[in-house]
Amino acid sequence: MAVRQRRYSKEELARRGQELYESGIRQQIEAGNDGKIVAIDIETGDFEVDETLMGATDRLFERQPDAQPWTLRIGHSAVYHFGARSLKKD
């Protein structure tokens, strides 16, 4: 198994991923997928949606072996959160 190397800083990865999500992916996937995970390749714009983080990223890597994935829980501001309160935007 090849070791994948990050080619972008965390900040650049997040900026590009959020930009791709907001500029078109959100409209394609948000309805009916609340709480699922989207993995987006920030270089190609390809994405996969799954119930789990591993499922979404594994399928993305199957299609794009050199993907630089950024992930988001659909309808929420983070994939995971700590504590009792929800981070979901109302």
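Whatever comes next refers back to the structure up there.
Q: Help me get a handle on the overall build of the chain, residues and values and all.
A: Looking only at helices and strands, the chain has two helices and three strands in total. Secondary structure elements of the chain occur, N-terminal to C-terminal, as α-β-β-α-β. Out of the 90 residues in the chain, the part that is buried amounts to 30%. In the chain, the proportion of contacts linking residues at least 24 apart, taken out of those at least 6 apart, comes to 45%.

Q: Which residues make up the pattern of salt bridges, and what are the values?
A: Note on pairing: side chains with opposite charge can pair once their charged atoms come close. Within this structure, the stated rule accounts for ten salt bridges. Arg26 is the salt-bridge partner of Glu22, the closest N and O atoms lying 3.2 Å from each other. Of the two residues, Glu22 and Arg26 both sit in helix α1 (residues 10-29), four residues apart, roughly one turn of that helix. The class of Glu22 is partly exposed, set by a relative accessible area of 33%. Connected through salt bridges with shared partners, the residues Asp46, Glu48, Asp50, Arg59 and Arg63 form a single ionic network.

Q: If you had to explain the layout of surface pockets to someone new, which residues and values would you point to?
A: A volume near 160 Å³ is recorded for the largest pocket. Around the largest pocket, the lining residues are Leu53, Thr57, Phe61, Pro69, Trp70 and Thr71. Those elements that provide at least two residues to the lining of the largest pocket are α2 (53-63) and β3 (69-73). By residue class, the composition of the lining of the largest pocket is four nonpolar, two polar and no charged.

Q: Kindly report on the sheet that holds β3, identifying the contributing residues and their values.
A: The strand order across the open sheet built from three strands is β2-β1-β3, with neighbouring strands paired in antiparallel fashion. One side of each edge strand has no neighbouring strand; the edge strands of this open sheet are β2 (47-50) and β3. Within the sheet, the average angular offset between the axes of one strand and its neighbour, ignoring direction, is 20 degrees. Relative to β2, strand β1 (residues 37-41) is paired through four bridges, and the arrangement is antiparallel. Looking across to β2, one finds that Ile37 is bridged to Asp50. Across the face of the sheet, α1 comes into contact with β1, β2 and β3 while running at roughly 120 degrees to β1. The sheet strands contacting α2 are β1, β2 and β3, and the helix crosses β2 at an angle near 150 degrees.

So, how was this worked out
- Residues numbered from 1 in each chain as written.
- Predicted model: local features only at pLDDT ≥ 70, side-chain atom pairs only at ≥ 80, totals over all residues.
- Heavy atoms only, no water.
- Helix = DSSP H or I, 4+ residues; strand = E, 2+ residues; numbered from the N terminus.
- Buried < 20%, exposed > 50% of the residue type's maximum accessible area, 1.4 Å probe, protein only.
- Contact = heavy atoms within 4.5 Å.
- Salt bridge = Lys/Arg side-chain N within 4 Å of Asp/Glu carboxyl O.
- 1 Å grid on protein atoms, 1.4 Å probe; cavity = no way out; pocket = protein on both sides within 12 Å on 5 of 7 lines; lining within 4 Å.
- Points joined across faces, edges and corners; volume = space filled by probe spheres on them.
- Nonpolar A, V, L, I, M, F, W, Y, C, P; charged D, E, K, R; others polar.
- Pairing = 2+ DSSP bridges.
- Axes fitted to C-alpha atoms, helices over the stretch in contact; angles between N-to-C directions.

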